[in-house]
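Below are the chains, spelled out letter by letter.
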Amino acid sequence: MVMQAETVDWDDAYANAPHIPDSETYPARLTAAAEAFRKGVRAELDRPYDDHPRQRFDLFFPETKPRGLMVFVHGGYWMRFDKSFWSHMAEAALARGFAAALPSYRLAPEVTIPEITADIRAAVAAAAGCVETGPLVLAGHSAGGHLMARMLCPDAALPGRVADRIARAMPISLLSDLRPLLRTRMAGPLGLDAEIAAAESPALMTPLADVPVHVWVGGDERPVFIDQARWLAEAWTGAALTVDPGHHHFNVIDGLARADSPLATALFDGLEI
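1. Quick word on the overall build of the protein
Thought 1: Looking only at helices and strands, the protein features 10 helices and eight strands.
Thought 2: Taken over the C-alpha trace, the protein has a radius of gyration of 17 Å; the compact-globule value for 273 residues is 19 Å, and the two agree within 12%.
Thought 3: When its C-alpha atoms are laid out on the principal axes, the protein stretches across 55 × 40 × 35 Å.
Thought 4: Across the 273 residues of the protein, 55% fall into the buried class.
Thought 5: Excluding contacts between residues fewer than 6 apart, the proportion of contacts in the protein whose partners are at least 24 apart in sequence is 78%.
Thought 6: Accessible surface, the protein: about 11600 Å² in total, of which carbon and sulfur atoms supply 53%.
Thought 7: Once the 24 positive and 35 negative side-chain charges of the protein are each reduced to a mean point, those two points are 5 Å apart.

In structure tokens, the structure reads:
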């Protein structure tokens, strides 16, 4: 029997941590891995892209001249975390000869999602100006997947010279349609109303032409996240969809830290220099 919408606990449906074993250990584990990674690579940390203390990005370089740039946008429901937790997600990019930029951004409830989208637009443009040649690859996880996907929407208005370089995009376990979040307690802190939720939903938009998109989601995710991934893949003609077996919302991005992972292969293989 199909469950009626009014009987769904929408807060639980979009809650990840209560359904992942040892979820409380992930922040410390991420911090340790990120700190260790930063000690072993060439990096320019805390480069500003605007005036707010959170409007900064870290830029990591491979051992040789970069053959392109990956920008990775972190998640946290637009309300938590910063770039320092995720540095090691640049590992696969560096191993494949790409530089990697990881931005922080202002968080709700200080700002709204449209303002956070504007932060990522500025961050991507600034990072692309630091590595001016080669393909630009965009990746993001959860809320960061939403923000990355927004960069492919015409109203994001990336500078033409930046948009023209985007060679591949991978939204990972993203939120593609924000309207269901109106039923959650997050709607208040996020400043969401019906108009903003629709205007910030990539699944309701037509993306930039000729950018290959590969939507990636864990097979052990909450069902709503698999739905969210499927909605974007169905809405964006030509987008690929991978449901990665055995991975949940917190470990689905681990492949970004391994150069030979299926996720990294899908993201980087075949890109022209």
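There is more to say, and it comes next.
2. Some points on the layout of surface pockets
Thought 1: Here the largest pocket is characterised by a volume of approximately 460 Å³.
Thought 2: Lining the largest pocket are 25 residues, and of these Asn16, Tyr77, Arg80, Phe81 and Phe250 sit closest to its centre.
Thought 3: Sorting elements by how many residues they give to the lining of the largest pocket places helix α2 (residues 26–39) first, with three residues.
Thought 4: Partitioning the lining of the largest pocket into residue classes produces 13 nonpolar, eight polar and four charged.

3. Focus: unusual backbone geometry
Thought 1: Look at the link from Ala108 to Pro109: it is a cis peptide, with omega at 10 degrees.
Thought 2: Residue position: Pro109 is located in the loop between β4 (99–103) and α4 (113–130).
Thought 3: One non-glycine residue, Trp78, lies in positive phi territory at about 60 degrees.
Thought 4: Considering the arrangement of structural elements, one finds Trp78 in the loop between β3 (69–73) and α3 (91–95).
Thought 5: We note that Asp210 has phi near 70 degrees; this positive angle belongs to a residue other than glycine.
Thought 6: Secondary-structure assignment places Asp210 in the loop between α8 (194–199) and β7 (214–218).

4. Regarding the pairing of strand β5 (residues 136–141)
Thought 1: Where burial is concerned, most of β5 is hidden: six out of the six residues are buried.
Thought 2: The side-chain alternation of β5 yields two buried faces, one formed by Leu136, Leu138 and Gly140 and the other by Val137, Ala139 and His141.
Thought 3: As judged from the five bridges shared by β3 and β5, these two strands associate in the parallel manner. Looking at the pairing, Leu69 lines up with Leu136 of β5.
Thought 4: Where β5 lies against strand β6 (residues 166–172), six bridges are found, and the strand directions are parallel. Pairing of Leu138 across the sheet is with Ala169, part of β6.

5. Quick word on the side chain of Arg168
Thought 1: With respect to the helices and strands, Arg168 occurs in strand β6.
Thought 2: One polar contact links the side chain of Arg168 to the main-chain carbonyl oxygen of Asp269, over a distance of 2.7 Å.
Thought 3: Contacts of Arg168, omitting those with residues within four sequence positions, involve Leu136, Val137, Leu138, Pro212, Ala266, Leu267, Phe268, Asp269, Gly270 and Leu271.

Conventions and cut-offs
Every chain is numbered on its own, with residues counted from 1 as its sequence reads. In keeping with the model being predicted, local features are shown solely for residues with a pLDDT of at least 70 and side-chain atom pairs are shown and tallied solely at 80 or more, while totals for entire chains, interfaces and linings include all residues. To get the side-chain values, all heavy atoms of the structure are used, and hydrogens and water are removed first. Working definition: helices are DSSP H or I runs of at least four residues, strands are E runs of at least two. Numbering for both runs from the N terminus. In this description the radius of gyration comes from C-alpha coordinates, and the expected globular size is given by 2.2 Å times residues to the power 0.38. With a 1.4 Å probe rolled over the protein chains alone, any residue whose accessible area is under 20% of its type maximum counts as buried; one over 50% counts as exposed, and the rest are partly exposed. Residue contacts are defined here by distance: any two heavy atoms, one from each residue, within 4.5 Å place the two residues in contact. Accessibility throughout is a Shrake-Rupley quantity obtained with a 1.4 Å probe, and a residue counts as covered only by protein chains that appear here. The positive count covers Lys and Arg only, the negative count covers Asp and Glu only, and His and the chain ends enter neither. Taken as the charge location is NZ of Lys, CZ of Arg, CG of Asp or CD of Glu. Both site types are read off a 1 Å grid over the protein atoms alone. A 1.4 Å probe that fits but cannot get out defines a cavity, while an open set with protein on both sides within 12 Å along at least five of seven lines defines a pocket; lining residues have an atom within 4 Å of a point. Grid points are joined across faces, edges and corners, and a volume is the space filled by probe spheres set on the points. Three classes are used, and their members are as follows: Ala, Val, Leu, Ile, Met, Phe, Trp, Tyr, Cys and Pro are nonpolar, Asp, Glu, Lys and Arg are charged, and the others, Gly among them, are polar. Here, any two strands with at least 2 DSSP bridges between them count as paired. Polar contact criterion, stated in full: a pair of N or O atoms within 3.5 Å, where within protein one must be able to donate a hydrogen and the other to accept it, and residues adjacent in sequence count only if both atoms are side-chain atoms.

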